[in-house]
Amino acid sequence: MRRSVIGILLSIVTFSVGFGIASIRWRSATDVQPPPPLTIECTEEVAQAPQAEVPKAAAPATPEFIAQITDLEEFADQGYGDFKMKLVDIHEHENVYRKSEVIAKNDEQWFGLFEKGEKLYLKKTRVNVKFDPTYEGYGDEDYMRLTTSDRGNPVFVLKNARNLKAGAIESAYLRPNYREMERRRLYDKPTKVGFEEYYSIGGNEYAIRVNRGLTKANEKVVAMMLSVGDTSQAITYLPYNSDEDTVGHIVWVGDLDGDKKLDLYLEGDGYEKCGFYSRLLLSTAAKKGELVKQVASFGTAGC
């Protein structure tokens, strides 16, 4: 009986001591505070990393001017004079001209280069020139509308073309007019340096190229060259500014005078805004050593 009492007392003492120690540990754990956040004071400025220099793009090199043809006549000697053969362009216009530009008179007989189907024909036609009060043009000059006695609009009409004969015309190329090109979203190939096209006329293959050249006074030009076999001729040229310069547009290539040789109808590149200038070159008018020669021209003033 005495041992039982003593055992009970020892158990109570042991439990009390253990509970006290556990309470002390739990209180110590909850009283511990987390360490304050670490702060760093910067007393010196942070050095900026050096920026790498971006190299400037080099200016494009000016292409070296190499003339493929030399000793060209000066511009004043190219023969843009008054020609016996008269020409009015219709292909590139809306048949409306200033009174001073149309140069045709009502009920005159001219030659017209007409397109029918996929073929071209040269035929005599009567022109009609009438004042058009509805057309709003530039300046105070009256505007005249030109029509022909035949259906359809010709590429051009010619007067005093005594060496030409009516009939079917061999044709290698006819450019659509500007209105047709806009409607069909076509683009004209620019006749600038590097241009090269071939045309077959009378069983011979002709080449038209655009090259750099020099006049007799060493003036730089861009020239349109016509070649067949061993013969080559500069048929038009303009002062050189860059290799983007064009020297006109090829409107028609064929045989207008019936000698089985190439003839040309060209639209020139003018310097006046909205102006127009065209030239007809025939092989039968060419001198010895030439392939073609200009026989007629037509022009309208700018805006």
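Rules used in this analysis
- Residues numbered from 1 in each chain as written.
- Predicted model: local features only at pLDDT ≥ 70, side-chain atom pairs only at ≥ 80, totals over all residues.
- Heavy atoms only, no water.
- Salt bridge = Lys/Arg side-chain N within 4 Å of Asp/Glu carboxyl O.
- Helix = DSSP H or I, 4+ residues; strand = E, 2+ residues; numbered from the N terminus.
- Buried < 20%, exposed > 50% of the residue type's maximum accessible area, 1.4 Å probe, protein only.
- Polar contact = N/O pair within 3.5 Å; in protein donor to acceptor, adjacent residues only side chain to side chain.
- Contact = heavy atoms within 4.5 Å.
- Phe/Tyr/Trp six-rings, centres within 6.5 Å; stacked < 30°, edge-to-face > 60°.
- Pairing = 2+ DSSP bridges.
- pLDDT = per-residue confidence, 0-100.
- Core = buried A, V, L, I, M, F, W, Y, C linked by side-chain atoms within 4.5 Å.

1. Digging into the pattern of salt bridges
Scanning the entire structure with this criterion turns up 12 salt bridges. Notably, a salt bridge pairs aspartate 132 with arginine 145, separated by 2.9 Å at the nearest N-O pair. Taken together, the residues aspartate 132 in the loop between strand E5 (119-131) and strand E6 (143-148) and arginine 145 in strand E6 connect sequence positions 13 residues apart. A relative accessible area of 8% places aspartate 132 in the buried class.

2. Let's talk about the environment of proline 239
Along the chain, proline 239 turns up in strand E12 (residues 231-239). In this structure proline 239 comes out as partly exposed when scored by relative accessible area, which is 27%. Between the alpha carbons of proline 239 and arginine 212 there is a distance of 9.8 Å; along the sequence they are 27 residues apart.

3. Considerations on the side chain of serine 227
Here serine 227 is to be found in strand E11 (residues 220-228). Polar contacts involving the side chain of serine 227 include one to the side chain of serine 232, which spans 2.9 Å. Not counting the four nearest positions on each side in its chain, serine 227 is found in contact with Glu205, Tyr206, Ala207, Arg209, Ser232 and Leu291.

4. Overview of the packing of aromatic side chains
The description of an aromatic ring pair rests on the distance of the ring centres and on the angle between the ring planes. Counted according to the given criterion, the structure contains six aromatic pairs. Pairing phenylalanine 65 with tyrosine 240 gives two aromatic rings, centres 4.7 Å apart and planes at 70°, and the pair type is edge-to-face. Separated by 175 residues along the polypeptide, phenylalanine 65 in the loop between helix H1 (2-31) and strand E1 (69-72) and tyrosine 240 in the loop between E12 and strand E13 (249-255) bring together distant segments of the chain. By relative accessible area, phenylalanine 65 is classed as buried at 18%. Ring centres of tyrosine 97 and phenylalanine 298 lie 5.8 Å apart, and the angle between their planes is 85°; this geometry places the pair in the edge-to-face category.

5. Quick notes on the pairing of strand E15 (residues 276-282)
With six of its seven residues buried, E15 lies for the most part within the structure. As paired strands, strand E14 (residues 263-267) and E15 are joined by four bridges and run antiparallel to one another. Counted as the bridge partner of tyrosine 265 is leucine 280 from E15. In terms of strand pairing, E15 meets strand E16 (residues 293-300) through seven bridges, oriented antiparallel. Note that in E16 the partner of leucine 281 across the bridge is glutamine 294.

6. Overview of the confidence of the model for the protein chain
Looking at the protein chain, pLDDT values average 80 and 74% of them are 70 or higher. Predicted confidence for residues 1-35 stays below pLDDT 50, and this span has zero contacts to residues more than four positions away or in other chains.

7. A closer look at the environment of tyrosine 277
In this structure, tyrosine 277 sits in strand E15. Along the primary structure tyrosine 277 and serine 297 are separated by 20 residues, whereas in three dimensions their C-alpha atoms are 7.3 Å apart. Side-chain polar atoms of tyrosine 277 contact the side chain of glutamine 294, separated by 3.4 Å.

8. What to know about the side chain of glutamate 108
With respect to the element layout, glutamate 108 can be found in strand E4 (residues 108-116). Glutamate 108 gets classed as buried once you look at its relative accessible area, which sits at 17%. If we skip the residues at most four places from it in the chain, glutamate 108 touches Thr125, Arg126, Val127 and Lys159.

9. Details of the nonpolar core
With 33 residues, the main nonpolar core has Leu113, Phe156, Leu158, Leu256 and Leu280 as its most contacted residues. Here leucine 158 is in contact with Met85, Lys86, Leu87, Trp110, Phe111, Leu164, Leu256 and Leu280, once residues within four sequence places are set aside. By size, the runner-up hydrophobic cluster in this structure holds 24 residues, among which are Val222, Ile235, Tyr240 and Leu262.

10. Some words on the pairing of strand E10 (residues 204-215)
Relative to E10, E1 is paired through two bridges, and the arrangement is parallel. Paired with leucine 72 across the strands is threonine 215, a residue of E10. Where strand E9 (residues 196-201) meets E10, six bridges bridge the pair, whose relative direction is antiparallel. The residue bridging tyrosine 199 from the neighbouring strand is tyrosine 206, located in E10. Once E9 ends, the chain turns through two residues before running back antiparallel as E10, passing glycine 202 with a positive phi of about 60°. Looking at chain direction, E10 and E11 are connected through eight bridges and run antiparallel. Directly across from asparagine 211, in E11, lies its bridge partner alanine 223. If you look at the hairpin formed by E10 and E11, you'll find four residues sitting between the two strands, and asparagine 218 has a positive phi there, around 65°.

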